[in-house]
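Observations on the three-dimensional arrangement
One-letter residues, chain by chain:
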Amino acid sequence: MVTDLRPGASLTVRGMVRARAGPRLVVQGARSSHITTVTLMDENEDTVNLIIWSNTEGEAGVLEQMGKIGAVLDVVRPSIVSLSGQAVEKNDPVTSSRLRLKFVTAKSLLKVVQEPQASMLAHLVTVPYKAAGLPSLALQDIRAPERRGKFVSIVAAVQCVMPEVVTNGQTVRGIRLFDCDTATAVLKLWEPEQRRVASSWVPRHTVLLLSNVLIEFDSYRGIHVLAGSSRSVLTTDPDMWEARKLRQHAQVATMSSLDRLQTFVGGSTFTPPSHRAITVAQIQDLAQLGARTEAESLQLFSVTGKVSKT
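Note that this is a predicted model, so its numbers are computed, not measured.

So, the overall build of the protein
- A tally of regular secondary structure across the protein gives five helices and 16 strands.
- Relative to its 310 residues, the protein shows a buried fraction of 43%.
- Intrachain contacts of the protein at a sequence separation of at least 6 include 67% that bridge at least 24 residues.
- Accessible surface for the protein amounts to roughly 16500 Å². Of this, 53% is attributable to carbon and sulfur atoms.

Next comes the structure, spelled out in structure tokens:
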């Protein structure tokens, strides 16, 4: 159990993988290696991070297959150390433990637990991840300028799963979300395991608890969005009443052709001093000209006119 961990002890830790970040290539001088962070939850719902350094891309690939969310692992003879408070630890998910596990080459072992033993921890995959200790916000709350750069927790339903795209050499998958208040938002996922899990999400049926996701400004879309990171833990269909209520709403909610527009307009910051007044003829000219980006296609203007027909 996680609560039995002590620095320097030698034992076996069993837990379900609730999150995985990496493998990520790290270059230090002439040496390169891969780092993987696996967040484990034990039968008492306590959590701890396991840090694994791989010397080769092949070793990292094996870990990528073993450390899938929902898998049950035995970590044999890991090194157990106290959290040091260093900046590098801030990139890991917050856990209920003040310790972390380190995989030691030639000493530690990593085993995938098979059935029927693994089934005893199967329910943990839907347990709400509360270790982050962040209050759950509504989607409309992320629009506030002062929340930019903050990590938050969100309960939302999946409206659309977008295809993966490559941006500046990095692969990202976008997810459009909505909630009971009909607010919408975009979630961007960069971590490989998060993107893999997202491929199985079903619009209108899948509800998410997003723990420790970042509110950031998307310069291309011109709005605030949510971004998953190595700190984030994503719970699919969490066992909580808010999720059950949202799932019922999601299956009957009306989806119109304006939903995509509302996602971007709703996430835009209202700044009246920056608006410029234009005429109806100028609006028609802009429509004919078109826009190069989504942000350009959602410009804010002031129009003064007389109602001629309704």
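The discussion continues.
A few points about the confidence of the model for the protein
- Overall, the predicted model of the protein reaches an average pLDDT of 85, with 88% of residues at or above 70.
- Mean pLDDT values for the elements of the protein range from 56 in helix 4 (residues 259-267) up to 96 in strand 14 (residues 233-236).

Side note on the environment of F217
- Position of F217 among the secondary structure elements: in strand 12 (residues 207-218).
- By relative accessible area, which is 37% here, F217 ends up partly exposed.
- In this structure, the C-alpha to C-alpha distance between F217 and R148, residues 69 residues apart in sequence, is 6.9 Å.
- Setting aside chain neighbours within four positions, we find F217 in contact with R148, G222, I223 and H224.

Section: the nonpolar core
- Core analysis: the largest hydrophobic core is formed by 22 residues, its most contacted members being L139, I154, I175, L177, W201, L210 and L226.
- Within the residue set of this core, elements represented by two or more residues are strand 9 (151-167), strand 10 (170-178), strand 11 (184-189), helix 2 (192-198) and strand 12.
- Discounting residues that sit within four places of it in the chain, L226 has contacts with L139, I142, V152, I154, L177, V186, L187, K188, L210, V213, L214 and I215.
- In terms of nonpolar packing, the next biggest core, distinct from the first, is built from 16 residues, V48, V75, L99 and L101 among them.

As for the sheet that holds strand 6 (residues 99-102)
- The strand order across the open sheet formed by seven strands is 5-6-3-2-1-4-7, and the pairing between neighbours is mixed. Across the chains shown, the open sheet's two edge strands, defined by having one partner strand only, are strand 5 (79-82) and strand 7 (109-112). With strand direction ignored, the average angle separating the axes of adjacent strands in the sheet is 35°.
- Sheet topology places strand 4 (residues 72-76) next to strand 7; four bridges connect them, and they run antiparallel. The residue bridging L73 from the neighbouring strand is V112, located in strand 7.

Description of the pattern of salt bridges
- Within the structure shown, the criterion is met by 11 salt bridges.
- For R196, the salt bridge is made with E193, and the minimal N-O distance between the two is 2.7 Å. Of this pair, R196 and E193 both sit in helix 2, three residues apart, roughly one helical turn.
- Looking at R196, the relative accessible area reads 36%, which means it is partly exposed.
- Overall, the relative accessible area of 2% leaves E193 in the buried class.
- One network of salt bridges, in which partners are shared, links R20, E193 and R196.

Observations regarding the packing of aromatic side chains
- Counted by the stated rule, this structure contains zero aromatic pairs.
- Here the guanidinium or amino end of R231 rests over the ring plane of F151, the centre of that ring lying 3.9 Å away.

Digging into unusual backbone geometry
- Cis geometry is adopted by the peptide bond preceding P23, which originates at G22 and carries an omega value of 5°.
- For P23, the location among the structural elements is in strand 1 (residues 12-28).
- Here the residue pair E115 and P116 is connected by a cis peptide bond, since its omega of 5° sits within 30 degrees of zero.
- Turning to its location among the elements, P116 is positioned in the loop between strand 7 and strand 8 (136-137).
- Phi at R77 is positive, roughly 50°, even though this residue is not glycine.
- Along the chain, the position of R77 falls in the loop between strand 4 and strand 5.

Points about helix 1 (residues 57-66)
- Along helix 1, the residues classified as buried are A60, L63 and M66. Looking straight down helix 1, one finds that the buried residues subtend no more than 120° of arc, so they occupy a single side. Looking at helix 1, the residues exposed on the side facing more than 90 degrees away from the buried face are E57 and Q65.
- At its buried positions, helix 1 is contacted by strand 1, strand 2 (31-41), strand 3 (47-54), strand 4 and strand 7.

A look at a nonpolar patch on the surface
- Where nonpolar side chains cluster on the molecular surface, the patch consists of V280, I283 and V303 and spans about 240 Å² of accessible area.
- Position of V303 among the secondary structure elements: in the segment after strand 16 (301-302).

Regarding the pairing of strand 6
- Taken together, the three bridges between strand 3 and strand 6 define a ladder with parallel strand orientation. Its bridge partner being in strand 6, I51 is matched across the sheet by K102.
- Relative to strand 6, strand 5 runs antiparallel, the two being bridged by four bridges. Looking across to strand 6, one finds that S82 is bridged to L99.

Parameters at a glance
Position labels on residues start from 1 in each chain and follow its written sequence. Only residues with pLDDT of at least 70 are given local features in this predicted model, and only at 80 or more are side-chain atom pairs given and counted; all residues enter the totals for whole chains, interfaces and linings. Only hydrogens and water are set aside; all other atoms, that is, all heavy atoms of the structure, feed into the side-chain values. Numbered from the N terminus, helices here are DSSP runs of H or I no shorter than four residues, and strands are runs of E no shorter than two. Throughout this description, buried means an accessible area under 20% of the type-specific maximum (1.4 Å probe, protein chains only), exposed means over 50%, and partly exposed covers the range between. Two residues form a contact once any of their heavy atoms are found within 4.5 Å. A 1.4 Å probe and the Shrake-Rupley method give the accessible areas. Residues count as covered only by the protein chains that appear here. Across the chain, each position has a pLDDT score giving the predictor's confidence in that residue, from 0 to 100. In this text, buried Ala, Val, Leu, Ile, Met, Phe, Trp, Tyr and Cys residues form a nonpolar core when linked through side-chain atoms within 4.5 Å. Paired strands, as defined in this entry, are two strands with at least two bridges between them according to DSSP. Think of each axis as a best-fit line through the C-alpha atoms, taken over the contacting stretch in the case of a helix, with angles from 0 to 180 degrees between the N-to-C directions. A pairing counts as a salt bridge when a side-chain nitrogen of Lys or Arg comes within 4 Å of a carboxyl oxygen of Asp or Glu. Two aromatic rings, drawn from Phe, Tyr or Trp (for Trp, its six-membered ring), form a pair once their centres lie within 6.5 Å of each other, and the interplanar angle then sorts them: stacked below 30 degrees, edge-to-face above 60, tilted otherwise. Both a distance and an angle decide whether a charge sits over a ring: NZ of Lys or CZ of Arg must be within 6 Å of the ring centre and within 35 degrees of the ring normal. Our arc is simply the arc of the directions from the helix axis toward the C-beta atoms. Each patch groups residues whose relative accessible area exceeds 30% and which form no salt bridge, using 9 Å between like charges and 5 Å between nonpolar side chains of Val, Leu, Ile, Met, Phe, Trp and Tyr.

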